[in-house]
Amino acid sequence: MTERREMRSAPANVRRLVTRTEIAKWAKVARPAVTNWERRHADFPKPVPGSEAEYFQLQYVLDWLDQRRVPANRLIGDERPGTTYGDRVRHQLPDNVLPTTDGDVSNRETAQRLHTLLTLADPVRGSAAKADYLTLLLTLNFLRVAERDRWVKVYESTLRTDDTKRPKDLLRRIGHAADEALRRRGVSPGLQNSLMRLTPRTLQDLTKVVRLSAGLARETYEQFLGMYEEEVALGSGEFLTPPTLTQLIADLVTSGATGIRTVYDPYARGGELLVAVANTVGADVSVRGESPRLETLRYASMYLAVYGANASMEVGTATPWAGNQPVVRADVIVTNPPFNTASTLRERALATWPYGEPPTGNDNFAWLQHILQSLEKGGRAAVIMPQSAGTSVNKAVEDIRRNMVDDGVVECVIALPSELFTTTDVPVSVWLLRKQTLRDAPVLFIDARQRGEKSRNQRILTPDDRDAIVATYQRWRDGQRPGNQHEANDGFVALAKPADIRARNFSLNPADYLTDGLPDSAMGEPDAIADAFRRLAETQEQMNEMVQAIGAHVSALVRGTGGSSSPLPDGWTRTSLAEICEIQAGPSYSYLRNEQRSPDGAVPLVRPKDLRDGHITHTDQDKVSAEAAASYEHYLLKADDIICIRSGALAPPALVRPAQNGWLPHHNLFRLRARQPEVIDPLYLLGFLSQSYALAWVRNHSVTAGARSISGRSFGELPVVLPPMSVQRRVAAILHDLDLQISCHRRLVTAATDVRALLTKGLMSGALTFDPAQADL
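Below you will find a few notes about this structure. As the structure is a computational prediction, the values presented were derived from the model and not from experiment. (Residues numbered from 1 in each chain as written. Predicted model: local features only at pLDDT ≥ 70, side-chain atom pairs only at ≥ 80, totals over all residues. Heavy atoms only, no water.)

1. Some words on the packing of helix H14 (residues 243-254) against helix H20 (residues 463-479)
Packed helices, taken two at a time, are described by the angle between their axes plus the distance between the axes.
1) Next: Across the interface, H14 lies against H20 with an axial gap of 10 Å and an inter-helix angle of 20 degrees. In terms of orientation, H14 lies roughly parallel with respect to H20. When you trace H14 past H20, the crossing you get is right-handed. Listed contacts from H20 to Thr244, Gln247, Leu248, Asp251 and Leu252 of H14 are Arg466, Ile469, Val470 and Tyr473.
2) Next: Across the contact of H14 with H20, the residue classes tally to five nonpolar, two polar and two charged. (Axes fitted to C-alpha atoms, helices over the stretch in contact; angles between N-to-C directions. Helix = DSSP H or I, 4+ residues; strand = E, 2+ residues; numbered from the N terminus. Parallel < 35°, antiparallel > 145°, perpendicular 65-115°, else oblique. Left-handed = near helix turned anticlockwise from the far one by under 90°. Contact = heavy atoms within 4.5 Å. Nonpolar A, V, L, I, M, F, W, Y, C, P; charged D, E, K, R; others polar.)

This is the structure:
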């Protein structure tokens, strides 16, 4: 029989990890006595896994000691006959109630502290990885907010430092304080090992980091954790769930719910989902999380402690359904399990599958069934799944979906936009499950794939998007109550009965219930096709005119005297880029941080991906405030500047147009500004830098340690051929006409593609047909 482990609120000291020496100290016995207990009694608790030193879960030690009475001749003080060693240890335990604190500095001061802390990364980390420095910042943030007594001791030690002390001593003190705090919370220590890899340049640099951390608030921890994830490039089994998704899940799973006492995540990653739900529910909820990766479990434990959650975090397994694992019951379960992983046949054999055995090689439906079995009666769960889980045609998967739908445990499936995660563009869905049998219950489908906004390389759900999804779900839940009627919004939400789902082979893909698969009637309108064909004809006429204009330029060409080593024509010169242009890189990334960027800002930030076909194609998703831009006045763009990529994937440059005056360039861009505008035409220079020769020269002179990059000094050595201004302008004119023709060709292809798509949809759906009176072609 599998043991059931209850989740109940417990004092923080019961969760801590303890050594044999501490057990002996608090039990008032000699140290060898603890070893004798281990050797003589097979039921003595085993050390927790995953740590170099051996630690024991205090809760299990107390349970074992409660069964052993203290002999009458060894009672001490006011102990009465019948006192157990467990009673004695509880009496001896130190007081572990520590206050938590909120940030007490302004947002402006916090931003300045963050900026300074990040600029100290290189002098403090030395030869260590940047991830180790971020671990230091996470550790200090944790101590400052959640472990005030330990923080005070660390901070006071920085005030007493002198030249005779070493940075390693302070790092050791910080790591030890954090590891002890983790151990008290039941998590194996190990932060000190990471911190000791740092090699600070001076003690003063390190003490400055500690003192600056005194102004950090709990919100800063999430920012540092996001930087850590980006730096170490966590894999699919470890990357964090983005905040835009964690808040949506917290709002959904707590919507209309009452009496939530326990929250559980069997694959807690960085603890982000548990933090979101705990903050939404309130302080009285008991939180439990498990993770097979000890490193992220430490960060998760610190994350929850920073937010004051009553949390129990333990090393778990990637296959919690195996029969030898304790079963955790909870009112609410939220999780983002690894997608499409595979457990062993032995692990499968130990499990029970109420809705059918999952297919070999894919554990998606093993997770879903394990979560349903872990819910308390009436409980609810929100699980992130790949969208393929709802559409797989695997027979075993179809059978499981059928049984889950028939049993009424699938409440809602929400399809989300792709690119929500920084490390993968796999489209996902949120499955809302319930632990109650509702035969023939309908399933709510919400299609939010077109929601969200693009921010840098990631899509985010705006507050309005989240509110729309949650409000739709809440209205449906309210509509289930007697006397209420749910109304669906066509195109965004649909309610499907089991018979409808059965007709679609038990697909749980919202898109299958929000469209009949046929084109809109408007797509087959003859007028729409006529308009598209008119655009096609007009584009063809414009292209013909451009061909004639370019032909006039070509007819005026004669052979010159120049070449790679030949003398140039009269009035032509060879020079370098630095001699004719000021070369300025965009503001450093350490200065212009993510928190200064917002779609609501006033000044657009031009990124490398915005450079296309000689133009800046900004999408208005990345901006900075007017106040922030004013502090970067030295970097701002002016009309006729040219911007080039200096780091990353090489692409042709772009010209700054008058409408883009005052925009701010990204740190991976160079801004070129003519030293003497009267001697160089910007369109000529744009064409020169766009040619394959110039791009190849830059590529050959770039440094390729990681991403390709070129310095401003090296870029300035690029040889440039400069003809007289009249020739520059004529060269620019012919290149401009050719660019227009290229653009016209693209519009022609687009117009022809539109005509074909409209005709195909109309003719092949029956929305359009041929006039019988017209003769066959």
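We are not done yet, so read on.
2. Re unusual backbone geometry
1) Next: With a phi angle near 65 degrees, Asp440 is a residue other than glycine that sits in the positive phi range.
2) Next: If you check the backbone angles, Asp613 has positive phi at about 55 degrees while not being a glycine.
3) Next: The topology assignment puts Asp613 in the loop between strand S19 (611-612) and strand S20 (615-616).

3. Section: the sheet that holds strand S17 (residues 581-585)
Through backbone hydrogen bonds, the strands of a sheet pair up, either in parallel or in antiparallel fashion.
1) Next: Strand order across the open sheet formed by four strands is S17-S25-S22-S23, with antiparallel pairing between neighbours. The sheet is open, and its two edges are formed by S17 and strand S23 (654-655), each paired on a single side.
2) Next: In this sheet, strand S25 (residues 669-674) lies alongside strand S22 (residues 642-645) in antiparallel orientation, the contact comprising four bridges. Within S25, the position partnered with Ile643 by the bridge is Arg671.
3) Next: Contacts from helix H26 (residues 682-690) reach S17, S22, S23 and S25, with the element oriented near 15 degrees to S22. (Pairing = 2+ DSSP bridges.)

4. Description of helix H19 (residues 395-407)
1) Next: Taking 1.5 Å as the rise per residue, H19 with 13 residues should run 18 Å; its terminal C-alpha atoms sit 18 Å apart, in good agreement.
2) Next: All of the buried residues along H19 are Val397, Glu398, Ile400, Arg401, Met404, Val405, Asp406 and Asp407.
3) Next: Against helix H18 (364-374), strand S10 (410-415), strand S11 (428-434) and helix H21 (498-503) lie the buried residues of H19.
4) Next: Where H19 begins, the side chain of Asn394 points an oxygen toward the backbone nitrogen of Ala396, at a separation of 2.9 Å.
5) Next: Looking at the residues trailing H19, positive phi occurs at Gly408, about 75 degrees. (Expected span 1.5 Å × (residues − 1). Buried < 20%, exposed > 50% of the residue type's maximum accessible area, 1.4 Å probe, protein only. Polar contact = N/O pair within 3.5 Å; in protein donor to acceptor, adjacent residues only side chain to side chain.)

5. Quick word on the pairing of strand S18 (residues 603-606)
1) Next: Here S18 shows a buried face lined by Val603 and Leu605 and a second buried face lined by Pro604 and Val606.
2) Next: Examined bridge by bridge, S18 and strand S21 (residues 623-624) share two bridges and lie antiparallel to one another. Paired with Val603 across the bridge in S21 is Val624.
3) Next: Pairing between S18 and strand S24 (residues 664-665): two bridges, direction parallel.

6. A few points about the packing of helix H13 (residues 218-232) against helix H16 (residues 294-306)
1) Next: Two numbers describe how H13 lies on H16: the axes approach to 9 Å, and their chain directions differ by 160 degrees. Overall, the two elements H13 and H16 adopt an arrangement that is roughly antiparallel. Relative to H16, the crossing made by H13 is left-handed. On the side of H13, the interface is formed by Arg218, Tyr221, Glu222, Leu225 and Tyr228, while H16 contributes Glu295, Tyr299, Met302, Tyr303 and Val306.
2) Next: Taken together, the residues of the contact of H13 with H16 sort by class into seven nonpolar, no polar and three charged.

7. Description of the sheet that holds S24
1) Next: Taking strand neighbours across the sheet as the criterion, the three strands line up as S21-S18-S24 in an open arrangement whose pairing is mixed. The two strands at the open ends of the sheet, each matched to only one other strand, are S21 and S24.

8. Looking at a nonpolar patch on the surface
1) Next: On the surface, a nonpolar cluster with roughly 460 Å² of combined accessible area is contributed by Leu759, Leu763, Met764 and Phe770.
2) Next: One can find Leu763 in helix H29 (residues 725-765). (Patch = residues over 30% accessible without salt bridge, like charges linked within 9 Å, V, L, I, M, F, W, Y side chains within 5 Å. Areas by Shrake-Rupley, 256 points an atom, 1.4 Å probe, with all protein chains shown as cover. Salt bridge = Lys/Arg side-chain N within 4 Å of Asp/Glu carboxyl O.)

9. Digging into the environment of Thr84
1) Next: Here Thr84 lies in the loop between helix H4 (58-65) and helix H5 (85-92).
2) Next: On the accessibility criterion, Thr84 (9% relative accessible area) is buried.
3) Next: The spacing of Thr84 and Pro71 is 13 residues in sequence and 8.9 Å in space, taken between C-alpha atoms.
4) Next: For Thr84, the contacting residues outside a window of four places in its chain are Leu65, Asp66, Arg68, Arg69 and Val70.

10. Focus: the nonpolar core
1) Next: Grouped together as the largest cluster of nonpolar side chains are 95 residues, with contacts concentrated most on Tyr133, Leu136, Val334 and Leu416.
2) Next: Counting residues per element, this core draws most heavily on helix H8 (residues 130-146), at 11 residues.
3) Next: Ala330, Tyr355, Ala389 and Phe506 belong to the second-largest nonpolar core, a separate cluster that totals 32 residues. (Core = buried A, V, L, I, M, F, W, Y, C linked by side-chain atoms within 4.5 Å.)

11. Overview of the packing of aromatic side chains
1) Next: If you walk through the whole model with that rule in mind, you get 19 aromatic pairs.
2) Next: Members of the aromatic cluster, joined through ring pairs, are Trp37, Phe44, Phe56, Trp64 and Tyr85.
3) Next: A cation over a ring is seen here: Arg269 above Phe239, with NZ or CZ 5.0 Å from the ring centre.
4) Next: Here Arg451 stacks its cationic end above the ring of Phe492, 4.6 Å away from the centre of that ring. (Phe/Tyr/Trp six-rings, centres within 6.5 Å; stacked < 30°, edge-to-face > 60°. Lys NZ or Arg CZ within 6 Å of the ring centre and 35° of its normal.)

12. Considerations on H13
1) Next: With 15 residues, H13 should reach 21 Å at 1.5 Å per residue; the first-to-last C-alpha distance of 22 Å fits that figure.
2) Next: Those residues of H13 lying buried are Arg218, Thr220, Tyr221, Phe224, Leu225, Met227, Tyr228 and Glu229.

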